[in-house]
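Listed below, chain by chain, are the residues.
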Number of protein chains: 2
Amino acid sequence: MRDADLQEIRALPLFRDMGEAPFADLMRGAYHQNFPAQVTLIEEGRPADFLHIVTDGAVELFARWSNRETTLAVARPVSTFILAACINDAPYLMSARTMTSSRIAMVPGADLRAAFLKDAAFAQAIVGELAGCYRSVVRHAKNIKLRSSKERLAAFLIGEAEKAGQGSSFELPFEKRILASYLGMTPENLSRALKQLKDEGVMVDGATVRFHDVDRIRAIAMPGRLMDECV
Amino acid sequence: MRDADLQEIRALPLFRDMGEAPFADLMRGAYHQNFPAQVTLIEEGRPADFLHIVTDGAVELFARWSNRETTLAVARPVSTFILAACINDAPYLMSARTMTSSRIAMVPGADLRAAFLKDAAFAQAIVGELAGCYRSVVRHAKNIKLRSSKERLAAFLIGEAEKAGQGSSFELPFEKRILASYLGMTPENLSRALKQLKDEGVMVDGATVRFHDVDRIRAIAMPGRLMDECV
DNA sequence: CGCGTTTTTGACCGATATCAAGTCTTGTGG
DNA sequence: CCACAAGACTTGATATCGGTCAAAAACGCG
């Protein structure tokens, strides 16, 4: 790996606090590569050889079953994906594909497990990351099981608005097709749900969204830290 | 804690490989108690003070939102619950209540985090357990998003039959009401789904279930290790 | 500009929820 | 041990949500 790459990886929260020697061992078999959009990085069911870390771009995590497909998460910089499969040396439960051109660091699973045993700071960082991923999926499951599709959409929009900050409008972070899949509905239904929200004062123009009255949307979504990352 | 309890806890996979001193430190503030059925052990939103471990009985993990409630998992001996919240020192995302009279060990979250840093074997056991929990929720989310309710029910029954072993019939492990909630449907709908499966050769009498032809159910559920714990 | 993809729209259908009884089961107190 | 009450389960009627199919419109990219 190039020296500039090493520096970049070293600066990530996951590796920042680990010792010099374990870090060097870990990086010996690691890669840091650019991929174009729409490249499949991982196929579910395959053995987990590498821990992946998105350092730039965006990666869709999805699963297939019987001709159906669903998006379970979108990984953005800087976060890992399929950490759990690597830790347990088990088959991936999700597939991954780049959504945009992306930069991905890959660390061999065996080295990861070795470093985990040698370096307590690294172990702590790993377990913190993993716990965060776990909580994120639990929120996703609660979202799907407890809210209707309209409520899920409203909650998603509120979340994006929070992330975007104080501006009066914001952009959807990815295609509506994928948003629909993430929210557990069909694209047609998302389209209709957006139209329903128009009556509640949500203005949608392509990918840009503007709220007339945030509180009305908030009343539908009833967001909270127990189901939504942002409140 | 009584000595017999200490022995029992020590024998669990989670604690088996850790050193004597860290284990003693960990147990200093720990409890091991019996609870009757239908006791709420944890309320979502509260700070995660204790790691819980079911050593006997069964615990329902559920979440509430806006008058709705859903069962996300059932913890059986020997497994932990709300590990992720303890690790991250964050609020619980799920509530927990005993389903039957149960025995629960409780370890203070702060001690847990301290032991994690001191003992690499314990750290490894914890992270393995956590990764397992993560994969289990991912399976649950896939199940909900990719399968219809009839398919989910069929998959659940196949799983139970596997667990039960070679006997020709098995018992549902808990009330249908809770099974319905776990499978993401109403009790009425579960009742109807069971009747639909009757036409596929599933005989149901109260809580006991018998398959006329497993392969027909298998054809509906199409179980696999990427969505079902057992295949 | 022209093609392929995404998004929208409409009509229709199926799956699932809701509401309302009614039946069965279970646990409790007499 | 029985009677009763509460809760669980089932059943039927009906409503709603969300999915499917088909086609048109909008968008993005070479």
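These numbers were taken from a predicted model, which means no experiment stands behind them.

A.B. asks: Just give me the short version of the sheet that holds strand 3 (residues 50-56) of chain B, but keep the residues and values in it.
C.D. replies: Residues and elements named next belong to chain B. Strand order across the open sheet formed by four strands is 1-8-3-6, with antiparallel pairing between neighbours. Of all the strands in the sheet, the pair left with one neighbour each is strand 1 (31-35) and strand 6 (79-81). Across this sheet, the average inter-strand angle for adjacent strands is 30°, counted without regard to direction. This element, helix 5 (residues 109-118), spans strand 3 and strand 8 (102-108) of the sheet and lies at about 65° to strand 8.

A.B. asks: Describe unusual backbone geometry, with residues and values.
C.D. replies: A cis amide bond, omega -15°, links Pro77(A) with the succeeding residue Val78(A). Mapped onto the elements of the fold, Val78(A) is located in the loop between strand 5 (68-75) and strand 6 (79-81). Notably, Met222(B) is not glycine yet its phi reads approximately 40°, a positive angle. Within the secondary structure layout, Met222(B) lies in the segment after helix 10 (214-221).

A.B. asks: Before we move on, can you summarise the sheet that holds strand 3 (residues 50-56) of chain A with the specific residues and values?
C.D. replies: All names here are of chain A. Strand order in the open sheet formed by four strands is 1-8-3-6, and the pairing between neighbours is antiparallel. Unpaired on one side and paired on the other, strand 1 (31-35) and strand 6 mark the two borders of the sheet. Neighbouring strand axes in the sheet, compared pairwise and without regard to direction, differ in orientation by 30° on average. By the bridge criterion, six bridges tie strand 3 to strand 8 (residues 102-108) in an arrangement that is antiparallel.

A.B. asks: Tell me about the environment of Arg103(B), and please be specific about residues and values.
C.D. replies: Residue and element names in this part refer to chain B. Counting through the fold element by element, Arg103 comes out in strand 8. Residues Arg103 and His32, 71 residues apart in the sequence, show an inter-C-alpha distance of 7.0 Å. Excluding its chain neighbours within four sequence positions, the residues that come into contact with Arg103 are Arg2, Asp5, Glu8, His32, Gln33, Asn34, Ile53, Val54, Thr55 and Asp56. At 3.0 Å, the side chain of Arg103 and the side chain of Asp5 are in polar contact.

A.B. asks: An account of the interface of chain B and chain A is requested, with residue identities and associated values reported.
C.D. replies: In this assembly, 55 residues from chain B lie in contact with 55 residues from chain A. When chain B packs against chain A, close to 4,600 Å² is buried across both sides, 73% of that on carbon and sulfur atoms. At the surface where chain B touches chain A, the tally comes to four salt bridges. Residue Lys142(B) is joined to Glu44(A) by a salt bridge in which the shortest nitrogen-to-oxygen separation is 2.9 Å. There are 24 residue pairs in polar contact (both at pLDDT 80 or more) connecting chain B and chain A. Every element with two or more residues in the side of chain B that touches chain A is listed here: strand 4 (59-65), strand 5 (68-75), helix 4 (83-88), helix 5, helix 6 (120-146), helix 8 (176-182) and helix 10 of chain B. With 21 residues, helix 6 of chain B is the single largest residue contributor to the side of chain B that touches chain A. The residue makeup of the side of chain B that touches chain A, split by class, is 32 nonpolar, twelve polar and eleven charged.

A.B. asks: Please give an account of the protein's contact with DNA strand C that cites residues and values.
C.D. replies: Near DNA strand C you find 15 residues, and of these Lys176(A), Arg177(A), Ser149(B), Asn189(B) and Arg192(B) are the closest. Sugar plus phosphate: this is where 66% of the atoms of DNA strand C within 4 Å of the protein reside. In the model, a phosphate oxygen of DNA strand C is placed 2.8 Å from a nitrogen or oxygen of the Arg177(A) main chain. One nitrogen or oxygen atom from the side chain of Asn189(B) is found 2.6 Å from a phosphate oxygen belonging to DNA strand C. Per-element tally for the surface near DNA strand C: the top contributor is helix 9 (residues 187-198) of chain A, with four residues.

A.B. asks: Can you lay out the pairing of strand 10 (residues 202-205) of chain B for me, pointing to particular residues and giving the numbers?
C.D. replies: Every regular strand shows the same layout, with side chains that alternate between the two sheet faces. Residues and elements named next belong to chain B. Side chains of strand 10 alternate between two faces, with Val202 and Val204 buried and Met203 and Asp205 left unburied. In this structure, strand 10 lies alongside strand 11 (residues 208-211), joined through four bridges in antiparallel fashion. Among the inter-strand pairings, Val204 is bridged to a residue of strand 11, identified as Val209. Here strand 10 folds back onto strand 11 in antiparallel fashion, the turn holding two residues, of which Gly206 has a positive phi close to 60°.

A.B. asks: Before we move on, can you summarise the relation of the copies chain B and chain A with the specific residues and values?
C.D. replies: The two copies are related by a screw operation: chain B maps onto chain A through 180° of rotation and 0.0 Å of translation along the axis, at an RMSD of 0.0 Å. Between the two chains, the operation in question is that of a two-fold axis. Comparing interface residues between copies, 100% of those in chain B also lie at the interface in chain A; the contact surface is shared.

A.B. asks: How would you summarise the domain arrangement of chain A if you had to cite specific residues and measurements?
C.D. replies: Residues and elements named next belong to chain A. Taken domain by domain, chain A consists of domain 1 (3-145) and domain 2 (147-221). Each of domain 1 and domain 2 was reduced to a C-alpha centroid, and the two centroids are 28 Å apart. Contacts between the two partners involve 14 residues from domain 1 and, on the opposite side, nine residues from domain 2. Together, the buried faces of domain 1 and domain 2 total about 930 Å²; carbon and sulfur atoms form 50% of this surface. Considering only the surface of domain 1 that becomes buried against domain 2, Thr71, Asn143 and Ile144 emerge as the three largest contributors, covering 46% of it. Summed over the shared surface of domain 1 and domain 2, the number is zero salt bridges. At the junction of domain 1 with domain 2, the criterion picks out three residue pairs in polar contact (both at pLDDT 80 or more). For the side of domain 1 that touches domain 2, the secondary structure elements donating two or more residues are strand 5 and helix 6 (120-146). Considered class by class, the residues forming the side of domain 1 that touches domain 2 number five nonpolar, four polar and five charged.

Definitions and cut-offs
Residues numbered from 1 in each chain as written. Chains lettered and ligands numbered in written order. Predicted model: local features only at pLDDT ≥ 70, side-chain atom pairs only at ≥ 80, totals over all residues. Heavy atoms only, no water. Pairing = 2+ DSSP bridges. Helix = DSSP H or I, 4+ residues; strand = E, 2+ residues; numbered from the N terminus. Axes fitted to C-alpha atoms, helices over the stretch in contact; angles between N-to-C directions. Contact = heavy atoms within 4.5 Å. Polar contact = N/O pair within 3.5 Å; in protein donor to acceptor, adjacent residues only side chain to side chain. Buried area = accessible area lost by both parts, 1.4 Å probe. Salt bridge = Lys/Arg side-chain N within 4 Å of Asp/Glu carboxyl O. Nonpolar A, V, L, I, M, F, W, Y, C, P; charged D, E, K, R; others polar. Near = heavy atom within 4 Å. Buried < 20%, exposed > 50% of the residue type's maximum accessible area, 1.4 Å probe, protein only. Least-squares fit on C-alpha atoms with pLDDT ≥ 70 in both. Domains from an automatic or database assignment.

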